[in-house]
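One letter stands for each residue in the lines below.
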Amino acid sequence: MVMDARSGKVLHSRNADTRLHPASLTKMMTLYVVFSAVENGEISLDTKVKISKKAAAEQPSKLGLRPGQRIKLRYLIRAAAVKSANDAATALAEAISGSEAAFARRMNRTAKALGMTRSNFKNAHGLTEAGHLSTARDMTILGRHVFYDYPEYYNIFSRRSTHAGIAEVANTNRRFLGAYKGADGIKTGYTRAAGFNLVASAERGQERIITTVFGGRSTAQRNAKVAELMDLGFSRAPSQVAVRKPVKPHVGPGPAEPSKTIRVVRAVAKSVRPMPRPTAEAAEPPQERLIAMAESIDETLSAVQTETVQQEPPKLRTASVIPLPRFKWNKKPSQVNSLTAAMAPQPRPARIVRPTVQTAALEQAPEPERVVVTRLSTSGGRHWSINVGRFTTRYEAERVLLRTALAELGTLDTALRKVASSARGHDAHFVGLTKESAKRACLRLKARNMECTAQGPT
């Protein structure tokens, strides 16, 4: 499969949908899921991972990890990407999902979200296992997502060698990286069942090509075939084309993984419904009852009015409401005229307010002085920020902010990333810091030869 990485257009393919053993190309998906977990805050690059017996016992290629050993996540990433270490890949899977089986399920959910329709993963390293299959098309799609979705990590795949915590490791793809102009990744793979596999990416000028080959007979033959296909891709790709980045999916931890809390909601056994309203077809009361009710209402209203006027001071009374049955007014209107008049609301009696000594004193008292109360700031003095540079594009500024935050989690963990755009460019800031934390963060960044300026409140 040969693809123009900028647009995703396929430039050449042959048997691209044939399901084959991907071997260590699998580690591209393993690392993609790890990058996603770091971005989601599930784990950090400096988290120390405890190596299990299962991880330490994986077959070569391996880093040489020992059971019970603790090593930072960042070194496991380097070992899996550069040396293609199987023990490091298994350790990464267990650190993210608790077990390799749970991690494989997450790999498959991620593959589905990326559009890899014919891939199925059973492990994190790619050693041959029944049902562990992929295609050249799916691996090309994955390589394109690795480049565009996590550009801050992509440089790992181009390193000829790197330090993996306990040893310096060499890149399994160093021959192609050194032989082909513009090559900067991505991943090799080999098992007896799979042959020699490679997903490669190269950039020349404004053009970027991704090529995938499965089943090479040797490293040299595979590299020669990939170089031939790369040349084909660069010859067919247009010089100017709009970059259409792939949609980056969000795939979080699965329901069975330990980092996810499940709340069980019990279904309601019986729906609670209100009682039905009474029907409007109620029986009409007899004439004698209507007259008696009207007289009773008259007497009650008269007694309440008299009592309200006589009592000093007036007191509130709660009158009990007598529900009247529904009746059909349109049958005998002459019989209910007296009742309607009796039920009409009477005006409230005027309330007589007698002036007292206290009332007079209140009227003569001067108006109290108004006091304005202000609230002290509760922000804890987090009005400082740091500037880590000015860039020509917002994308570049956001990329530097993310890379800086990952490098300095200890001091920038609580800070917010902000890009301030103006005619002069895009300034990258970390805001919401105290004076001490801002200065400490700048000192640490400058020690890494990174630009940093602490800025106080204005």
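Use the structure listed above.
What comes next concerns the included structure. (Residues numbered from 1 in each chain as written. Predicted model: local features only at pLDDT ≥ 70, side-chain atom pairs only at ≥ 80, totals over all residues. Heavy atoms only, no water.)

Digging into the pattern of salt bridges
Condition: Salt bridge, as used here: a side-chain nitrogen of Lys or Arg that lies within 4 Å of a carboxyl oxygen of Asp or Glu. Runs of E in the DSSP output that reach at least two residues are strands. Runs of H or I that reach at least four are helices, and both are numbered from the N terminus. Throughout this description, buried means an accessible area under 20% of the type-specific maximum (1.4 Å probe, protein chains only), exposed means over 50%, and partly exposed covers the range between.
Under the counting rule described, the total for this entry stands at 15 salt bridges. With its nearest N and O atoms 3.8 Å apart, the salt bridge here joins Lys-72 to Asp-46. Taken together, the residues Lys-72 in strand E4 (residues 70-72) and Asp-46 in the loop between helix H1 (26-39) and strand E3 (48-50) connect sequence positions 26 residues apart. Lys-72 gets classed as partly exposed once you look at its relative accessible area, which sits at 30%. The partner of Arg-448 in a salt bridge is Glu-408, with the nearest N and O atoms 2.9 Å apart. Taken together, the residues span a long stretch of sequence, with Arg-448 in the loop between helix H15 (435-447) and strand E13 (453-455) and Glu-408 in the loop between helix H13 (394-407) and helix H14 (409-412) at a distance of 40 residues. Among the residues examined, Arg-448 registers a relative accessible area of 44% and is labelled partly exposed.

Details of the nonpolar core
The tendency in soluble globular proteins is for nonpolar side chains to be buried as a group. For clarity, the threshold we go by: Only buried residues count toward a nonpolar core. Its members are Ala, Val, Leu, Ile, Met, Phe, Trp, Tyr and Cys residues joined through side-chain atoms within 4.5 Å.
Formed by 62 residues in total, the largest nonpolar core has its most connected members in Met-29, Leu-73, Ile-77 and Leu-142. Tallying contributions element by element places H1 first for this core, with 9 residues. Grouped together as the second largest cluster of nonpolar side chains are 19 residues, Ala-397, Phe-430, Leu-445 and Cys-452 included.

Overview of the packing of aromatic side chains
Filter applied, for reference: Pairing of aromatic rings covers Phe, Tyr and the six-membered ring of Trp, with a centre-to-centre limit of 6.5 Å; geometry is then stacked below 30 degrees between planes, edge-to-face above 60, and tilted otherwise.
Counted under the stated rule, the structure contains 9 aromatic pairs. Seen from their ring centres, Phe-35 and Tyr-150 are 5.7 Å apart, and the 55 degrees between their planes marks the pair as tilted. With a gap of 115 residues between them, Phe-35 in helix H1 and Tyr-150 in the loop between helix H6 (136-149) and helix H7 (151-154) connect regions that are remote in the sequence. Residues Phe-35 and Tyr-150 agree in their burial class; the two are buried.

Section: the sheet that holds strand E9 (residues 207-216)
Within a beta sheet, neighbouring strands are joined by backbone hydrogen bonds and run either parallel or antiparallel to one another. Spelled out, the test is: What makes two strands pair is DSSP finding at least two bridges between them. Lines fitted to the C-alpha atoms define the axes, with helices restricted to the stretch that makes contact. Angles between their N-to-C directions range from 0 to 180 degrees. Throughout, a contact is declared for two residues whenever any of their heavy atoms are within 4.5 Å.
Pairing within the open sheet is antiparallel, and its 5 strands lie in the order E2-E1-E9-E8-E7. Here the strands that pair on one side only, and so sit at the sheet edges, are strand E2 (9-12) and strand E7 (183-191). Neighbouring strand axes in the sheet, compared pairwise and without regard to direction, differ in orientation by 20 degrees on average. The sheet strands contacting H6 are strand E1 (2-4), E2, E7, strand E8 (195-204) and E9, and the helix crosses E9 at an angle near 140 degrees.

Some words on the state of the cysteines
Rules: Note that a disulfide, as used here, is simply two cysteine sulfur atoms within 2.5 Å.
Under the counting rule described, the total for this entry stands at 1 disulfide. With a sulfur-sulfur separation of 2.0 Å, Cys-442 is cross-linked through a disulfide to Cys-452. Around the S-S axis, the bridge from Cys-442 to Cys-452 shows a dihedral of about -75 degrees and counts as left-handed. With a gap of 10 residues between them, Cys-442 in helix H15 and Cys-452 in the loop between H15 and E13 connect regions that are remote in the sequence. Cys-452 carries the same exposure label as Cys-442, and that label is buried.

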